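The chain contents come next:
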Amino acid sequence: MSVKTMLFHLQKSLFLLVFKESAFYTNVPHMTVEQLEKAYEAAKYEEKIYKEWEDAGAFNPDTLTKKRKESFTIAMPPPNVTGQLHMGHAAMLAIEDLMVRFERMRGKKALWVPGLDHASIATQNVVEKKIWKEEKKTRHDLGREEFLKRVDVFVQESKNVIRTQIKKMGASCDWSRERYTLDEGLSRAVRTMFVRMYEDGLIYRGNRIVNWCTRCASTLADDEVNYREERSRFYYLKYGPVVIGTARPETKFLDKVIVVHPDDTRYMEFVGKKFDVEWIDGKVQASVVADAIVDPAMGTGAMTITPAHSFEDFLLAQKYGFAVHQIIGMDGKMTEAAGGMAGMPVAECRAKVVERLQQKGLIDHIDENYVHNLSVCYRCDTPIQPLVSKQWFVAVDKKPKNGGKSLKARSIDAVRKEKITIVPDRFNKTYFQWMDNLHDWCISRQLWFGHRIPVWYCKGNQESGIGNHGTEKSPNSLFIIHDSKTCPPIVQIDPIKACPSCGSKELEQDPDTLDTWFSAGLWTFSTLGWPMNQSQSSGSGHATKKNDLQTFHPTSVMETGYDILFFWVARMIMMTTYALDEVPFKTVYLHGLVRDKFGKKMSKSKGNGIDPLDMIAKYGADAVRLSLIIGGTPGNDVRLYDEKIAGFRNFVNKLWNIGRFVLSQPSSSSERSESRSSLPAGRQVDQARTITLADRWILSRLQRVIVSVTDDCAQFRFSQAGERLRDFTWGDFADWYLEIKKIEGDPNDFLLSTFDFLLRLWHPYTPYVTEVLWEHLHETCNMKRETLLILAEWPKSEKKYIDIASENAFALLQKSVMVIRNARAIYRIPAATKLNVMIAARAQFSLFAENQSIIARLANLASCTVTKEAERPNDAVPLSVGKSVIYLLVGGIVDVVKEQERIKGEIEKQMAYVSNLEKKLSNEEFTKKAPAEIVEQERAKWEVAREELERLREFLA
């Protein structure tokens, strides 16, 4: 087969591959290429394009025309209904939309489930502040029912705002399947899960010490507690025969037990004895016990315990049966146990206690520079008070009554046995450490907004169970939970009218709500119809799934920030493996935090936050998406700033201008008057049109790019794929291929087909601009647009089209042009000055002879003479390219002797610069103490400087 015949069939195959989708719509009026604005105006197109996608049903896998067997599913991490989205949400949307568009174009049944989280504690706080600001009323003034009505109004308004923001990012999620964690279906799922876990012995109620936020008036899970380093005082107090240490003397009113290590010889004589001790409010009787929990090297090695306000002390109290007295109330003020200091705020009481102990001579000494981590609420930054309270818990180490492993064991197995892959895998270690140290999870919250606990108590024949819940009138008082001797708590999915035990209709539902993470833990399967889409379920048995649950679960990827790996991801694994006996997702992709230009965390208070909507309005959604994807890698933070987004806006505009050039070319112009439904793939190629080296090269390079970009995206290397694609688009296609097409002056259909493939490859990254250009591509060829780009087929590479010989030959031409351009720069020859060159081509004579006009135009030459062999002319600078030599004729333009001296001087300066960088990088003080990014910047400078030095040496030689 001849080369021309082979290329004809190759070209035909490519076009048939590209344009074989079924018809979508016809006769849509289009703007002509001449009318395309010189710069891409994102705001002009984005809303229109998004509506086209929605109207076409492109987001709903049920409406896709092609038969798609394999599913790809992502459950969108639901934003809180507390206000506007931030750049962290924008990063999540950009990355997930890329995944979904990529897999949809690859022919999968792609489903991206959108949704919103009620975020009970956060939303309640926002609404409470709003009501107080506008009406000077508290939720207690309104009452529970009226307050929840106000919350619902706020939530509906917030939902509309957030939906708009998500759409602005170009998110191709299936809005017909949108869910809200408090909608009826998900609420039933939450109640069902609670009841099943309760019946399986995995949910229980009991007195435990919990993290209590006095500002939010609710408990917090361990991983909802943040830590803030603080410098404060540490007090050493005389307590009978020992000296004890504490940072919180205000909690010590009723301390009566001294604990020491059993092997500590300093205190052996006191173990097991009792004696009177002068203390804050007079004498108390103290006893001494020995327990290995005490660290002899910590402080004095002796401590008193405060069971109601320390997790460790509470465990000791349970172990030895010590009394538990609450010193600090749930409002953050001292209780009656503080005697005359009752009702005081904690800080004020501390000062009073210290003053009294000083008066009694009971302070040994004070460390003024005690540094410790203060636990604070993750929502409002209020210091946490460990308090004893009656709460609902999930038992993580207990095996279900129906058999099977504990929740903790299931969750560990899912990752350890590689049923779930975490990207990047360095977070595996962190995950296992957290799971190994996981304690029973407190799931009850003293809030009004949220999933109310599905437990009812009979008021008849009751006895009081003490729970520190607080009432509407007095948040520090005890709330009476009706634990009837004859009527146990009623735990069931739906409300009841009468108590099954006694028939009484006097029932009261538990006033608490569930931790938000309880409902969030069911997200992947509750959004797909569970429990209605499951025939039967038990904690350890296999259940039959149907409908969406069968088609789309387990989901494919959970993409979220690494900062909520334990808040959410671990709980989803725990709850899903219990409910369905399968993992919730196959891969966890963790993105980093979005930081400012200087690596600082963005926040409103610092004034360094960036509003994604502002950036979209200014630069377009495509530019914002690129700035969040390219340059970011899994698990690592990404820096974002105005100039960075502007840079990607420039690239989007470059893509636009590439399109303007390609679509303005006269390819197939003789047939443009004919209405066609596809590009001219099947017609006889005009044999007068020459298939050039550049055509063969771009086709071969395109195959390699398709392979690498597809593999990178499939392996979650999105930044790397984008960088490869950008290099190909701007470098290979625009800087080389298009420039050569301008020189050859006879563009063929390779230009259109390559551009078509480029639009497909870029679409998951920049969906808007590519969709607009795709529309104009079809208009340019006077053809029907058979489908939207969002539903077009992902490019497939053909290895047989990779042409190594053409790639190598073209590389020689590229190098020839580059060495001439570099010589201009080195010898400071103005760009406008046309040069003459002579090429001793030797074995590459045919290559250089056939392409000498291209070299001349790209290198801005007056003449380019190609010979097989040639002697070096006088005043000629020799430039080696493979086995060939290019002689740059600089006589009358460059003083060679003078230039040699100048270059020698440049080399000396460059050598000194390289040497200084090497000294800096070899200095361990610098490499260890300087920030990693600074060290990396210096190393990059060294590499560039070294390359420049070699370049100067080559030109001198």
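Residues numbered from 1 in each chain as written. Predicted model: local features only at pLDDT ≥ 70, side-chain atom pairs only at ≥ 80, totals over all residues. Heavy atoms only, no water.

Novice: Could you give an account of the packing of aromatic side chains, with specific residues and numbers?
Specialist: This model, assessed by the stated rule, comprises 31 aromatic pairs. Between Y589 and F718, the aromatic rings sit 5.7 Å apart at their centres with planes inclined by 50°, giving tilted as the arrangement. Taken as a pair, Y589 in strand β25 (residues 585-591) and F718 in helix α20 (residues 718-744) lie far apart in primary sequence, 129 residues in all. Overall, the relative accessible area of 4% leaves Y589 in the buried class. In this structure F718 comes out as buried when scored by relative accessible area, which is 4%. Members of the aromatic cluster, joined through ring pairs, are F194, Y198, W392, W441 and F518. The aromatic ring of F432 is capped on one face by R416, whose charged end is 4.3 Å from the ring centroid. (Phe/Tyr/Trp six-rings, centres within 6.5 Å; stacked < 30°, edge-to-face > 60°. Helix = DSSP H or I, 4+ residues; strand = E, 2+ residues; numbered from the N terminus. Buried < 20%, exposed > 50% of the residue type's maximum accessible area, 1.4 Å probe, protein only. Lys NZ or Arg CZ within 6 Å of the ring centre and 35° of its normal.)

Novice: Help me get a handle on unusual backbone geometry, residues and values and all.
Specialist: Omega for the bond connecting V423 with P424 falls within 30 degrees of zero, at 5°, which places this linkage in the cis form. Residue placement: P424 occurs in the loop between β15 (421-423) and α11 (427-436). Looking along the chain, the bond that leaves W530 and enters P531 is cis, with omega of 5°. Relative to the helices and strands, P531 resides in the loop between α13 (523-526) and α14 (547-552).

Novice: Can you lay out the sheet that holds strand β18 (residues 455-458) for me, pointing to particular residues and giving the numbers?
Specialist: Sheet strands pair by backbone hydrogen bonding; their relative direction is either parallel or antiparallel. Across the sheet, which stays open at both edges, the 3 strands sit in the order β21-β18-β22 with antiparallel pairing between neighbours. A single partner strand is all that each edge strand has here, and the edge strands are β21 (490-491) and β22 (507-509). Sheet topology places β18 next to β21; 2 bridges connect them, and they run antiparallel. Looking at the pairing, V455 lines up with V491 of β21. (Pairing = 2+ DSSP bridges.)

Novice: Can you break down helix α22 (residues 767-780) residue by residue, with the values?
Specialist: For α22, with 14 residues, the first-to-last C-alpha span of 20 Å sits near the 20 Å given by 1.5 Å per residue. Taken across its 14 residues, α22 has 13 buried, putting it largely inside the fold. (Expected span 1.5 Å × (residues − 1).)

Novice: If you had to explain the state of the cysteines to someone new, which residues and values would you point to?
Specialist: Put plainly, two cysteines are in a disulfide when a covalent bond ties their sulfur atoms together. Enumeration over the complete set of coordinates arrives at 0 disulfides. Considering cysteine sulfurs only, C213 is the nearest to C216, which forms no disulfide, with 3.7 Å between them. (Disulfide = S-S within 2.5 Å.)

Novice: Requested: an account of the packing of helix α18 (residues 642-663) against helix α21 (residues 749-762), with residues and values cited.
Specialist: Look at α18 against α21: their axes get within 10 Å of each other, and the N-to-C directions meet at 155°. Taken together, the axes of α18 and α21 are roughly antiparallel relative to one another. Every pair of crossing elements has a handedness; the one defined by α18 and α21 is left-handed. From α18, F651, L655, I658, G659, V662 and L663 reach across to α21, where they touch L751, L752, F755 and W762. When its residues are assigned to classes, the contact of α18 with α21 shows 9 nonpolar, 1 polar and no charged. (Axes fitted to C-alpha atoms, helices over the stretch in contact; angles between N-to-C directions. Parallel < 35°, antiparallel > 145°, perpendicular 65-115°, else oblique. Left-handed = near helix turned anticlockwise from the far one by under 90°. Contact = heavy atoms within 4.5 Å. Nonpolar A, V, L, I, M, F, W, Y, C, P; charged D, E, K, R; others polar.)

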